[in-house]
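Fold and contact review
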Amino acid sequence: MRISFIGLGHLNSAIVAGLLADGYDPENLIATTHSEASAATRREEFGISVTAEENNPGTNAQAVADADIVVLGVKPFHIAETAQALADALRPDTVVVSVAAGTTLATLTSVLPEGQPVVRTMPNVALTVGKGVVGLARGATVTDAQVTQVEQLFAASGTVFQLSENQLNALGAMAGSGPGYVFRFVNALAAAGVELGLEEQVAQELARLTVVGAGAMLDHHDADPSALEDSIATEGGTTQAALNSMDANGFNDLIIKALQANVTRSEELGA
Ligand SMILES: NC(=O)c1ccc[n+]([C@@H]2O[C@H](COP(=O)([O-])OP(=O)(O)OC[C@H]3O[C@@H](n4cnc5c(N)ncnc54)[C@H](O)[C@@H]3O)[C@@H](O)[C@H]2O)c1
């Protein structure tokens, strides 16, 4: 299966890295970027063909001409115009996959040839390390076999959840952006350690290793975070004191508000 990546930034690079780590043949992957400088960096990094659009405006169309799947990985406000510019070069059976936040299936299908198979996804960057989470909503004309091909593309380095499109923004708010919240938590933990008198470097390493360890404890499909929390929060002990403080200061409410802001932004990007 030949896969073309239009845009090879953080997200599409995570997909490519996951595929290559899973043994995918690099000869069957090609990509484009905006600048020649980033194309050169990515060619070096991945050993796949990467061409730049800045010197050759036809490069995206050339890249999709022979593709079974095209993964659109440019910024949300460029997705529709980028898809439209590819319309004449696509085979009728090429599946167009978007990873863009917000951009709807209706918008994508409106700029592509009638009947073009389309899939909207929301992955996260943990695909890079084989632990990605991917939401997938199918367009009206994509076949079951084509959806399976797209699922296989992501299953190489992550877990795919097929949802209806109206649930995709919620998945994005949790899992698409989720690694960003965890990294913010790591920094907050380190900053708190410094407040308590630890050296910055030590605090950063403690925070990183603590989250890596907790993540590994969760890395079983039947892991129960509440039971794990209980196993650490000794009755009347120190963890419970901290968790009580989090509750009293509205920790859960903070998370709900953050996710609501995320969904609102997805809706704005899709409007
Ligand atoms: N970063 C994430 O964690 C994440 C997660 C889920 C979804 N997404 C989605 O992925 C998409 C890309 O986000 P990103 O974070 O990778 O951005 P990015 O800025 O890292 O990557 C954008 C890429 O698009 C390329 N590009 C721009 N214009 C182009 C053109 N005309 N032709 C070819 N390439 C072009 C750039 O060279 C760059 O490689 C967005 O739509 C975003 O919503 C990102």
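All values derive from a computational prediction rather than experimental measurement.

Relative to the assigned elements, Phe161 resides in strand β8 (residues 158–162). Residue class for Phe161 comes out partly exposed when judged on its relative accessible area of 41%. Distance in space between the C-alpha atoms of Phe161 and Ala87 is 28 Å, their sequence separation being 74 residues. Ignoring sequence-local partners within four residues, the contact set of Phe161 consists of Val133, Val134, Gly135, Leu136 and Leu171.

Below, the discussion takes up the UniProt feature "domain: Pyrroline-5-carboxylate reductase catalytic N-terminal" (unreviewed entry) in the protein chain. Mapped onto the present numbering, the UniProt feature "domain: Pyrroline-5-carboxylate reductase catalytic N-terminal" (unreviewed entry) falls on residues 2–102. Taken end to end, residues 2–102 comprises 40% helix and 21% strand; its first and last C-alpha atoms sit 26 Å apart.

Quick look at the layout of surface pockets now. Reported here for the largest pocket is a volume of approximately 3,000 Å³. If you trace the largest pocket, you find 50 residues lining it, with Val182, Phe185, Val211, Ala214 and Leu218 closest to the centre. Put simply, the parts of the chain that give the lining of the largest pocket at least two residues each are β7 (132–138), β8, α7 (168–176), α8 (178–195), α9 (200–217), α10 (225–232), α11 (238–248) and α12 (251–270). When residues in the lining of the largest pocket are grouped by element, the largest group, 10 residues, is from α8. Size it by volume and the second largest pocket reaches roughly 1,000 Å³. Lining the second largest pocket are 41 residues, with Leu11, Gly73, Val74, Lys75 and Pro76 positioned closest to its centre. Among the secondary structure elements, those contributing two or more residues to the lining of the second largest pocket are α1 (10–21), β2 (29–33), α2 (36–46), α4 (76–86), β6 (118–123), α7, α8 and α12. Across the lining of the second largest pocket, the residue classes tally to 15 nonpolar, 21 polar and 5 charged.

What follows deals with the sheet that holds β7. Strand order in the open sheet formed by 8 strands is β3-β2-β1-β4-β5-β6-β7-β8, and the pairing between neighbours is mixed. The two strands at the open ends of the sheet, each matched to only one other strand, are β3 (49–52) and β8. Between one strand axis and the next, the sheet turns by 20 degrees as a mean value, whatever way the strands run. Most of the contacts of α1 go to strand β1 (residues 3–6), to which it runs at about 155 degrees, and overall it touches β1, β2, β4 (69–72) and β6. α7 contacts β6, β7 and β8 of the sheet and is inclined by roughly 30 degrees relative to β6.

This part is about a negative patch on the surface. A cluster of like negative charges, contributed by Asp224, Glu229, Asp230 and Asp247, occupies part of the molecular surface. Its place among the elements puts Glu229 in helix α10.

So, on to a nonpolar patch on the surface. A surface patch of nonpolar side chains, amounting to about 500 Å² of accessible area, comprises Phe185, Leu189, Met246, Phe251, Leu254 and Ile255. Elements that contribute at least two residues to the nonpolar patch include exactly α8 and α12. Per-element tally for the nonpolar patch: the top contributor is α12, with 3 residues. With respect to the secondary-structure elements, Phe251 resides in helix α12. Judged by relative accessible area, Phe251 falls into the partly exposed class, the value being 33%.

Enumeration according to the criterion identifies 11 salt bridges in this entry. Across the salt bridge formed by Arg208 and Glu205, the nearest N and O atoms sit 2.9 Å from each other. With a gap of 3 residues between them, Arg208 and Glu205 both fall in helix α9, about one helical turn apart. One continuous salt-bridge network, built from bridges that share partners, spans Asp68, Arg91 and Asp93.

Time to look at the nonpolar core. Ranked by size, the top nonpolar core spans 30 residues in total, and within it Phe5, Ile15, Val71 and Leu153 carry the most contacts. Apart from residues lying up to four places away in sequence, Phe5 is in contact with Asn12, Ile15, Val16, Leu19, Leu29, Ile30, Ala31, Thr32, Val71 and Leu153. Leu90, Leu105, Met122 and Ala137 belong to the second largest nonpolar core, which has 23 residues in total.

The rules behind the values
- Residues numbered from 1 in each chain as written.
- Predicted model: local features only at pLDDT ≥ 70, side-chain atom pairs only at ≥ 80, totals over all residues.
- Heavy atoms only, no water.
- Helix = DSSP H or I, 4+ residues; strand = E, 2+ residues; numbered from the N terminus.
- Buried < 20%, exposed > 50% of the residue type's maximum accessible area, 1.4 Å probe, protein only.
- Contact = heavy atoms within 4.5 Å.
- UniProt positions renumbered as here; feature names shortened; annotations may be inferred.
- 1 Å grid on protein atoms, 1.4 Å probe; cavity = no way out; pocket = protein on both sides within 12 Å on 5 of 7 lines; lining within 4 Å.
- Points joined across faces, edges and corners; volume = space filled by probe spheres on them.
- Nonpolar A, V, L, I, M, F, W, Y, C, P; charged D, E, K, R; others polar.
- Pairing = 2+ DSSP bridges.
- Axes fitted to C-alpha atoms, helices over the stretch in contact; angles between N-to-C directions.
- Patch = residues over 30% accessible without salt bridge, like charges linked within 9 Å, V, L, I, M, F, W, Y side chains within 5 Å.
- Areas by Shrake-Rupley, 256 points an atom, 1.4 Å probe, with all protein chains shown as cover.
- Salt bridge = Lys/Arg side-chain N within 4 Å of Asp/Glu carboxyl O.
- Lys, Arg positive; Asp, Glu negative; His and termini not counted.
- Charge placed at Lys NZ, Arg CZ, Asp CG, Glu CD.
- Core = buried A, V, L, I, M, F, W, Y, C linked by side-chain atoms within 4.5 Å.

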